[in-house]
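Structural description and commentary
One-letter residues, chain by chain:
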Amino acid sequence: MTLPGQAVLRIDLGAVAANWRDLRDRHGAPVAGVVKADGYGLGAAAVARALREAGCGTFFVAHLSEGLALRQALGAGAAVAVLNGFPPGADGGAGLLPVLNHLGDIAAHAAAAAGAARPAILHLDTGMSRLGLDAREQALLAEEPARLRGLDLRFVMTHLACGDEPAHPLNARQRDRFTAAAARIAPGVPRSLANSSGIFLGADFRSDLARPGCAIYGINPVPGRPNPMRQVARVEAEVLQLRDVPAGDTVGYGASWTAPGPRRIATVAAGYADGYLRALSGRSLGMLHGRAVPLVGRVSMDLTTFDVTDVPQARPGNRLLLIGGEGNTPDDIAARCGTIGYEVMTALGRRYARSYEGA
Ligand SMILES: *Cc1c(COP(=O)(O)O)cnc(C)c1O
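Residues numbered from 1 in each chain as written. Predicted model: local features only at pLDDT ≥ 70, side-chain atom pairs only at ≥ 80, totals over all residues. Heavy atoms only, no water.

**Some points on the pattern of salt bridges**
As a reminder of what qualifies: Just to be clear on terms, a salt bridge is a Lys or Arg side-chain nitrogen sitting within 4 Å of an Asp or Glu carboxyl oxygen. Only runs of H or I of at least four residues qualify as helices and only runs of E of at least two qualify as strands under DSSP, and these elements are numbered from the N terminus. A simple rule labels every residue: compare its accessible area, found with a 1.4 Å probe on the protein chains alone, to the largest value its type can have, and call it buried under 20%, exposed over 50%, or partly exposed in between.
Tallying each qualifying case throughout the model produces 14 salt bridges. Taking the shortest distance from any N to any O, the salt bridge between arginine 175 and aspartate 204 comes out at 3.4 Å. Of this pair, arginine 175 sits in helix 7 (residues 169–185) while aspartate 204 is found in the loop between helix 8 (196–199) and strand 9 (233–245), placing the two residues 29 residues apart along the sequence. Residue class for arginine 175 comes out buried when judged on its relative accessible area of 17%. Overall, aspartate 204 belongs to the exposed group, its relative accessible area being 54%.

**With respect to the sheet that holds strand 6 (residues 118–123)**
The condition is simple: Two strands qualify as a pair provided that DSSP identifies no fewer than 2 bridges between them.
Spatially, the 7 strands line up as an open sheet ordered 2-3-4-5-6-7-8, and their pairing is parallel. Taken across any chain shown, the strands that pair with only one partner, and hence form the sheet edges, are strand 2 (33–34) and strand 8 (191–192). Here 2 bridges tie strand 2 to strand 3 (residues 58–61), and the two strands are oriented parallel to one another. Bridging from a neighbouring strand, glycine 33 pairs with phenylalanine 59 of strand 3.

**Describing the site of the ligand**
Selection rule: Whether a residue is near a molecule or strand depends on its heavy atoms: it is near if one of them lies within 4 Å of it. Pairing of N or O atoms within 3.5 Å defines a polar contact, subject to two protein rules: one partner must be a possible hydrogen donor and the other a possible acceptor, and residues neighboring in sequence count only if both atoms are side-chain atoms. Here the accessible surface of atoms and residues is derived via Shrake-Rupley with a 1.4 Å probe, and residues count as covered only by protein chains that are part of the display. For this scheme, ten residues count as nonpolar: Ala, Val, Leu, Ile, Met, Phe, Trp, Tyr, Cys and Pro. Four count as charged, namely Asp, Glu, Lys and Arg, and the remainder, Gly too, count as polar.
Around the ligand sit 14 residues in total, of which Lys36, Tyr40, Ser196, Cys214 and Tyr342 are the nearest. Between a nitrogen atom of the ligand and a side-chain N or O atom of arginine 211, the distance comes to 3.0 Å. Glycine 213 has a polar backbone atom sitting 2.8 Å from an oxygen atom of the ligand. With the chains in place, 92% of the 390 Å² that the ligand exposes on its own is no longer accessible. Here the residues of the shell around the ligand are counted per class, giving 7 nonpolar, 4 polar and 3 charged.

**Focus: the domain arrangement of the chain**
To be explicit about the condition: Here the bounds of each domain stem from an automatic or database domain assignment. The criterion used for residue contact is that any of the two residues' heavy atoms lie within 4.5 Å. Buried area is understood as the total, over both parts, of accessible area removed when two parts are fitted together, assessed with a 1.4 Å probe.
Its domain assignment divides the chain into domain 1 (31–217) and domain 2 (233–357). Just the C-alpha atoms count here: the centres of domain 1 and domain 2 sit 38 Å apart. Counting residues at the interface gives 9 residues for domain 1 and 7 residues for domain 2. For the domain 1 and domain 2 pair, buried surface summed over both sides reaches about 750 Å², with 63% attributable to carbon and sulfur atoms. Together, Tyr40, Gly41 and Leu42 form the three largest contributors to the area buried by domain 1 at its contact with domain 2, with a combined 55%. Run the count over domain 1 and domain 2 and you get 1 salt bridge. Aspartate 38 is the salt-bridge partner of arginine 354, the closest N and O atoms lying 3.0 Å from each other. Counting every contact that joins domain 1 to domain 2 gives 3 residue pairs in polar contact (both at pLDDT 80 or more). Top element by residues in the side of domain 1 that touches domain 2 is helix 2 (residues 36–40). It accounts for 3 residues.

**Considering the nonpolar core**
What counts here: Grouping buried Ala, Val, Leu, Ile, Met, Phe, Trp, Tyr and Cys residues that are joined through side-chain atoms within 4.5 Å yields what is termed a nonpolar core.
Membership of the largest hydrophobic core comes to 82 residues, with the highest contact counts inside it found for Leu42 and Leu322. With 7 residues, the top contributor of residues to this core is helix 3 (residues 44–54). Looking at which domains feed residues into this core, each of domain 1 (31–217) and domain 2 (233–357) supplies at least three. Setting aside anything within four residues of it in sequence, one finds leucine 322 in contact with Val235, Glu236, Ala237, Val268, Ala270, Tyr276, Leu285, Phe306, Asn328 and Ile333. Membership of the second largest hydrophobic core comes to 23 residues, among which are Ile106, Ala120, Leu160 and Phe178.

**With respect to the packing of helix 1 (residues 13–27) against helix 3**
As a reminder, the rule being used: Angles shown run from 0 to 180 degrees and are taken between the N-to-C directions of axes, each axis being a line fitted to C-alpha atoms and, for helices, limited to the stretch in contact. An angle below 35 degrees is read as roughly parallel, one above 145 as roughly antiparallel, one from 65 to 115 as roughly perpendicular, and any other as oblique. Crossings are assigned a handedness: left-handed for a near helix turned anticlockwise from the far helix by less than a right angle, right-handed for a clockwise turn.
It is at 9 Å that the axes of helix 1 and helix 3 come closest, and there the two elements cross at 50 degrees. Our classification of the angle between helix 1 and helix 3 gives oblique. Between helix 1 and helix 3 the crossing geometry is right-handed. Counted together, Leu13, Val16, Ala17, Trp20, Arg21 and Arg24 of helix 1 and Ala46, Val47, Ala50, Leu51 and Ala54 of helix 3 form the full contact between these two elements. Among the residues making up the contact of helix 1 with helix 3, the classes are represented as 9 nonpolar, no polar and 2 charged.

So this is what it looks like as structure tokens:
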């Protein structure tokens with residue numbers, strides 16, 4: 001239910017499922033669903049259910065808390081992997097798959113395996129230098145494979161640092177390091193390589209399980225080229241008031257914008273607390289009655305102001321499209337304030353009425 005004045009986050013689950021199927025077909029091999037950070041801000045439970053309907057059987061989250069919540073939402077059956085890992089038993093029997101990121105993780109989970117082998121995913125760092133076994137640990141493990149005893153490795157994985165830059169030499173270097181290390185350390189174990197952008201690097205980057213996130217949610221996995229994915233998210237906020245501002249008056253905090261002539265200003269009920277980033281102040285636009293309207297003045301916590309002088313039909317109670325639509329996608333919004341669509345989406349706040357459509 002949407003309360004009066006509440007902003008609405010519309011999520012097209014039909015587009016989520018269509019994007020996932022499209023990625024699976026392009027990959028030509030199995031594809032997981034990455035639903036960390038609450039499904040990139042759109043609701044991990046709803047997104048994961050839609051993906052499951054579409055045929056997705058493996059999900060990745062970042063934090064243990066996210067894995068536990070997802071297990072509740074999906075029930076038994078789906079594989080739920082936790083990228084940041086967790087200590088043995090910390091999932092309380094929820095059957096989550098730990099991603100083992102260093103030798104200490106391996107030792108702990110192997111030691112806890114009493115009898116039945118413990119399912120897990122092994123993460124090899126091939127150039128990200130963030131999580132995963134580094135080169136020294138990989139060499140040790142290749143020499144002492146007994147360290148893996150007691151573990152049932154479902155996948156061996158690595159993560160590309162520059163998948164969205166097809167010409168970057170690190171892509172091939174990471175792939176080659178991964179192929180060599182996986183063969184030495186985990187022969188015969190299925191491999192997981194590409195994220196969204198990696199799928200678009202072509203057959204050389206195919207593996208037994210791709211791990212797309214952003215492209216499922218409509219973020220462009222091939223920056224600089226036309227976005228092949230369907231848009232998923234729209235944000236609408238209500239016009240609370242309209243006012244006529246005379247020439248020379250200013251709007252908002254810091255008096256950062258001065259009306260160059262008589263202007264009609266719409267104040268809408270969403271701001272940076274809703275993830276409409278303050279850095280967009282004076283450099284974004286919304287859509288009202290099908291027309292682009294410029295954001296004027298500063299974005300404040302709960303309110304944002306737009307110049308709707310050219311939209312005579314504007315009325316209080318109208319919904320202004322803050323994010324979404326042609327030329328105003330999360331990627332477009334991000335480009336205006338020096339960030340990426342991922343951050344725009346994961347910043348979306350908790351005050352929205354989330355409306356799931358097209359399921
Ligand atoms: C976030 C993440 C992904 C998904 O990346 P996208 O660029 O959103 O497709 C895949 N693998 C790992 C390890 C990640 O952290």
